[in-house]
Each structure stands twice: as structure tokens, then as C-alpha cells.
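Structural overview for review
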Amino acid sequence: EPSHTKYRKISTRAPSKTRGKAVNSFSLTVRNETKKMTTMRISWLHGLYLLVASAIVLPGSNGAFIPGTSQTANGYDNDKGPDAVCWKSYSASEGYSMPNPLVDGFTVEETGVQIQNACPSGNTVSGLPPVEQGVEPLRTGRDYNYTVTLNVNLTSLEAYRGFLSDRGPGYIAMQILSCVAGLSGFCSPFVHEQAIERERKALAEAIAANPNYIPSTKKRARGDMHGGTHIHSVYEKLYLPVEDGPLFRDITVQIPQRVNSPGEYYTIVAVQLYFWIETPEGQEPQLVRYDMANKLVGQQSLTYYARPPDILEVDMEVEYASYALIAAACSVQLFLLGQAIKHRKSQVMTLSQGHFMVLFLVASVVATGCSFLMNPKNDFYCRASIPMVMISLHTFYAVTVGRLWRIHTLISPLLLRSLKSESPVAKFLQKLMDRVLWRCRSGAPVRVKAQVTDSQLYIFIALLVAPQVLIQVLALLLQPAFRDVDFNADKSVGRNICDSENAAGFAGTLTNWGFVYFALLVLGLLTMAFKSRKLPSLFNESKNIFDSTMTTVLIIVSKYRKPASLLLATFALC
């Protein structure tokens, strides 16, 4: 329904008093008609009027409804025109030079290029954007494949002899043109020739103004801007022999396009055809160039290219500092390992359970030395880092748990019983230890309470480490890790991380269960350390255990996709 307010506003804008009566009369008539239409709503007569009006005003399938508003019947120069646009040009001895990839020295006659009202029947071209468009931002400096579909009819083109080129008969050329939105005007196949001509004139003017002017010899790289208006792909040459004609249908070609400058581009596909046409008898056949172009299908012609994302990495200075700290820590640990082996038979080492101290130090050296793998440089780093570090750390703490349990068993049986009755974790550990320490005498199990041999302690440590080894081996075989990039919301910033194949969520990732099992071991160790805080000072290791466990927690947290994981892990291990 018409708006009353709209008509009132129109009726109050009389330009002069002499026209006031006429305007007021028109306003009164409009208001009466409006009131009548409001009462009637939309009658069948009104509906018939709208139908007839739409048939007269709206464009049909043949294109523009107002002659002269566009140059083709239904080409992409029309509002929402889906068809290709064709241009035809005749060769001449004198005229405009048209550089091209097929016929060297081709010159267009002075009348210029003629745009066709419509492409000859059966000659169409269409294009699709890269499959990445809509899924992720298109990035500068990277090749993307545009899909071009071509149909050619030699008969309607009057190319009875087929196509020609300097390379031989039957060749045509195709390319992708990305015109800078808002700068290039109408994006046609000739923006390239226009840019060449403009650059040629600018060079001539510069030399005329300064005879000593030296033009730049720098060559444009593939994907660089040309003339400040467009970027074109390399020409894709296609062989269409006349013997296979006259109809060539649904020819699909992938054309790579690279754009080095970020921004919005209106992208088209363009085709060049050269052939002879027949002339009146007694005259030589005339060489013709046919250009055919079209925008991308639907509303996908406007493409946006963004700069490559900034991939955050560990600074070189931080990386080298980390390597230095790792080397220093390993040096100290290797020195202690050497001293432990050298003095393994001394009384102090015997009381300190020297064999297990050696295993303890070996595990710490491996864990510290392999910490550089936590910086995900490649797939090997990702696949080796977690197994090497986690198995070593697990052995490290399994030895600590075993030694602590042995001390409890030998020094404070009452404290151990109290721990057993109060802590569920300790109950499980004690039950496991008791089963290891059972001996069968005359078919009846007898528990040994006052002695824990080295072999029994080794078995206990192995039982604690074996599940972690199994988890890491299965993860390596079934869910191999690889380096990936974790992006922010708009994918403008990312950082390298390690991800796993065939992993589904937290519960479906095997390495996560390795962390869970390690956390249970650490929890049991903390519980036992807390309960052993009243042991004699010679055997009281609760403070050292708490300190080392806190640094381990820091390692695990830093490994979980924190930017400074390498540095934090190194300090923690030190």
C-alpha cells in the first residue's frame, strides 16, 4: 500500500506560489485515491495491473530492458547478467598493436575492437572460485586453482578452418584476471592491453621530459600488480584440433592464480581465439581475434585476498638460551651420574640405594636432554617429544615412589600402616607392593615386612612404568602426531602445535591418557611425601619431592599449547 506520509511530503514541496493550486489539487486527488486503495486493499484489478507492469518493466531472459544501458543482451556487463561477453577484432597492417600469447605481431584495425551483442550460439565460458573460498581466507603469495568450463562451436564462430597460433593450429589461450575493486572500472580481457599501453605512454613521456631517464629493469613476479589495476595469471594454452570439432563441450580446465597484494578483486575468466574467416571471392581470408570473458558463477566474483597469517614462533634468542640451559642442566646431571657410579659401593650410596639413584639420574638426563623436542619444528619433533619426555619423567618419579616406599617399609612400618588406612591411593600402591613381595611357602602366602630386595623394587618400578610405555607406543602407532597450526578466530595469527591423527576429543586421544596416568602417579607421590614428612631428616625427602613435582606440573601446563613452552619446560627441568 502507498504511504500517506510519502505523498504528503511530496505535496508540501511546491517550488512557487504560482504552482500552489495545481500542486494542492494533485495532492487532494492523491489522498482520495490513497484512501480508496486503503479501503479496497489490493483488488483483482490492482493485481492485474501489477502483473502487466512487471511484464513491461522487468527485464526478460534476453537481457536489458532499456536499450543503450548496456552493450550486450545478457552479458555480465548487465545487472546480474550471467552470460559471457564476446569481442571481435580484425587484423590489419596498420592499427593498434595487441600483444598476445598466440599470434606475434597481431595488429587491430583502426576501427578497434567490436563488442558483440551476444556470443555466437554454443560459445560459452564460466568459472568457479577456488574450493578454499568460503572455507578459509584466500592468502596472498599462494596459488589457488580456478575452475574454467568452456564450450566452443566452430560453425557459429565461422572458424571452419579451426584455430591458429604461432605454436601451430588448434591452440587457444585462457587466463584468470583479477581486477582491483574500485580501480579498474569494467573488468574486461583488455585491462591487460590497456595497462601495457598506459605504461608505454608513461615511459615515452618520461623519456621526453628527461632524455637521461633510465627505466626500471625490474621484472614483475607472478602475482604482482600490473598497471595498478589488475593481476593476471599465466596463459593456459588448450589444444582444440579442428578434426575433433565442430563442437567442443564442457571442457574443464584448472588455472592457477596467484595474488601478491591483499585486497578485494573482481575476478573474470578470459579466452582468446584466433582463426581465419572467409571473405568475398578473390580476396584473402582475414585473420580474426575473438575474445570471450565472463565473471565467476553466481555472486562469487568478488574475492578477497588477505596477507598470510603471522605464525608465532619461539624467538631465536630464547631458543639458543634454552639450548644453553638444557646443556648446562645435562652437564650437572651427567656429573652427578658419574659420581654416583664411581662411589656406588660407598656406605652413603648404599644407604641412598645407589643402583636406583643411577636409574633416577639416567631418567633425568634423558628427560632434560629431550626437552628441546617440545618446540614443534616438524613432525619428527612432535612424534618424539611426548614419548621421550613422558616415559623418562614417569621412570624418574616411579623410582622416587619406589624408593620412598622402601624407606617406609624399612624405617616406619607404623607410619606406613597409618598411610595405608587413610589414603585410597596409598592403599592401592600398598596392595600392589604386597603382591610383589609375597612368597609362597608350602602353598601359603607369607608377607615379608622387614625386607625389600633390589629385584623386588625393580619389578615394582617396572610395573609403574609399563602402562605409560604401552600408552605411548599405541599412540605412536595408532595416532601419530604431526605439526599443525593453531589459528585465532579470523585466522590472522597462528602458532605451531602438535596434533594427533585419528584423535577425537580429550577421551579419544591416547596421549591424554598418558598425562592422566602420570598425574595419578604424581598424586600418589605427593600423598606419600606428605605422610612421610615426620621421618628422620636423613630419610625425609618430602620437601625435595614437593619441589620437583611442582616443576613437573609446570612442564605439563607449558606443554599444553603455551607459547613459551620450550623456555618454561627447560627451567622446570633444570
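Described below are features of the structure shown in this document.

1. Concerning unusual backbone geometry
Trans is the common state for peptide bonds, and a negative phi is the common state for residues other than glycine. Note the cis peptide between Gly245 and Pro246, where omega equals 5°. With respect to the helices and strands, Pro246 occurs in the loop between strand E9 (236-239) and strand E10 (247-258). The phi dihedral of Asp250 is positive, around 50°, even though this residue is not glycine. Among the secondary structure elements, Asp250 is positioned in strand E10.

2. Here we look at the sheet that holds strand E14 (residues 310-312)
Spatially, E14-E18-E17 is the arrangement adopted by the three strands of the open sheet, whose pairing is mixed. Each edge of the open sheet is held by one strand with a lone partner, namely E14 and strand E17 (481-487). Strand-to-strand twist across the sheet, computed as the mean angle between neighbouring axes with direction ignored, equals 45°. Pairing of E14 with strand E18 (residues 493-500) involves three bridges; the strand directions are parallel. Looking across to E18, one finds that Leu312 is bridged to Arg495.

3. Observations regarding the side chain of Arg289
Within the secondary structure, Arg289 is located in strand E12 (residues 286-295). Within the structure, Arg289 has its side chain in polar contact with the side chain of Glu193 (distance 3.2 Å). In this view, Arg289 contacts Trp87, Lys88, Ser89, Met98, Pro99, Asn100, Phe106, Phe190, Glu193, Gln272, Leu273 and Tyr274; residues no more than four positions away in its chain are not counted.

4. As for helix H12 (residues 454-478)
The end-to-end C-alpha separation of H12 is 36 Å, in line with the 36 Å expected for 25 residues at 1.5 Å each. Approximately 30° is the largest bend angle found in H12, and it occurs at Val465, with the proline Pro467 only one to four residues beyond. For H12, the complete set of buried residues consists of Gln456, Leu457, Phe460, Ile461, Leu464, Val465, Gln468, Ile471, Gln472 and Ala475.

5. A few points about helix H6 (residues 316-342)
Helix length check: H6, at 27 residues, gives a terminal C-alpha distance of 39 Å against a target of 39 Å (1.5 Å per residue), a fit within 8%. Among all positions of H6, only Glu319, Ser322, Ile326, Ala329, Cys330, Gln333, Leu337 and Ala340 are buried.

6. Remarks on the environment of Ala181
Within the element layout of this structure, Ala181 appears in the loop between strand E7 (171-180) and helix H5 (191-209). Through-space distance from the C-alpha of Ala181 to that of Thr267 is 9.3 Å; in sequence the pair is 86 residues apart. Setting aside residues no more than four positions away along its own chain, Ala181 makes contact with Glu264, Tyr265 and Leu302.

7. Looking at the nonpolar core
Membership of the largest hydrophobic core comes to 38 residues, with the highest contact counts inside it found for Leu150, Phe163 and Phe275. Here the element with the most residues in this core is strand E11 (residues 263-277); it accounts for six residues. Ranked by size, the runner-up nonpolar core spans 36 residues in total, among them Cys370, Tyr381, Ala384 and Val465.

8. Here's the deal with the packing of aromatic side chains
The full count for this structure, using the stated rule, is 15 aromatic pairs. An aromatic cluster of at least three residues, connected via ring pairs, comprises Phe360, Phe396, Tyr397 and Phe518.

9. Focus on the environment of His355
Relative to the elements of secondary structure, His355 occurs in helix H8 (residues 354-369). A sequence separation of 99 residues divides His355 from Asp454, and the C-alpha atoms of the two residues are 8.4 Å apart. Discounting chain neighbours no more than four positions away, the residues touching His355 are Asp454 and Tyr458.

10. Points about the pairing of E11
Counting buried residues along E11, twelve of its 15 residues qualify, which places the element largely inside the surrounding structure. The sheet contact formed by E11 and strand E13 (residues 302-306) spans four bridges and is antiparallel. Each bridged residue has a counterpart across the sheet, and for Tyr265 the counterpart in E13 is Thr303. In terms of strand pairing, E11 meets E12 through ten bridges, oriented antiparallel. Directly across from Ala270, in E12, lies its bridge partner Ala293.

Rules used throughout
- Residue numbers run consecutively from 1 along every chain, following the written order of its sequence.
- Only residues with pLDDT of at least 70 get local features here, since the model is predicted, and only at 80 or more are side-chain atom pairs given and counted; chain-wide, interface and lining totals rely on the full set of residues.
- Excluding hydrogens and water, the side-chain values take into account all heavy atoms of the structure.
- Secondary structure elements are defined from DSSP: runs of H or I of at least 4 residues count as helices, runs of E of at least 2 residues count as strands, and each element is numbered from the N terminus.
- Here, a strand pair is defined by DSSP locating no fewer than two bridges between the strands.
- Axes, fitted as lines to C-alpha atoms, cover a helix only where it is in contact. Angles between the N-to-C directions of the axes lie from 0 to 180 degrees.
- The definition of a polar contact used here is a pair of N or O atoms within 3.5 Å, where within protein one atom must be able to donate a hydrogen and the other to accept one, and adjacent residues in sequence count solely through side-chain atom pairs.
- The contact criterion used is simple: two residues touch if any of their non-hydrogen atoms lie within 4.5 Å.
- To estimate the expected span of a helix, subtract one from its residue number and multiply by 1.5 Å.
- Two axes are fitted around each residue, one to the seven residues ending there and one to the seven starting there, and the angle between them is reported as the bend at that residue.
- Buried means the residue's accessible area, taken with a 1.4 Å probe over protein chains only, is under 20% of the maximum for its type, while exposed means over 50%, and partly exposed covers the values in between.
- Remark: nonpolar core denotes a set of buried residues (Ala, Val, Leu, Ile, Met, Phe, Trp, Tyr, Cys) joined through side-chain atoms within 4.5 Å.
- Aromatic pairs are defined between Phe, Tyr and Trp rings, using the six-membered ring for Trp, whenever the two ring centres lie within 6.5 Å; interplanar angles under 30 degrees are classed as stacked, those over 60 as edge-to-face, and all others as tilted.

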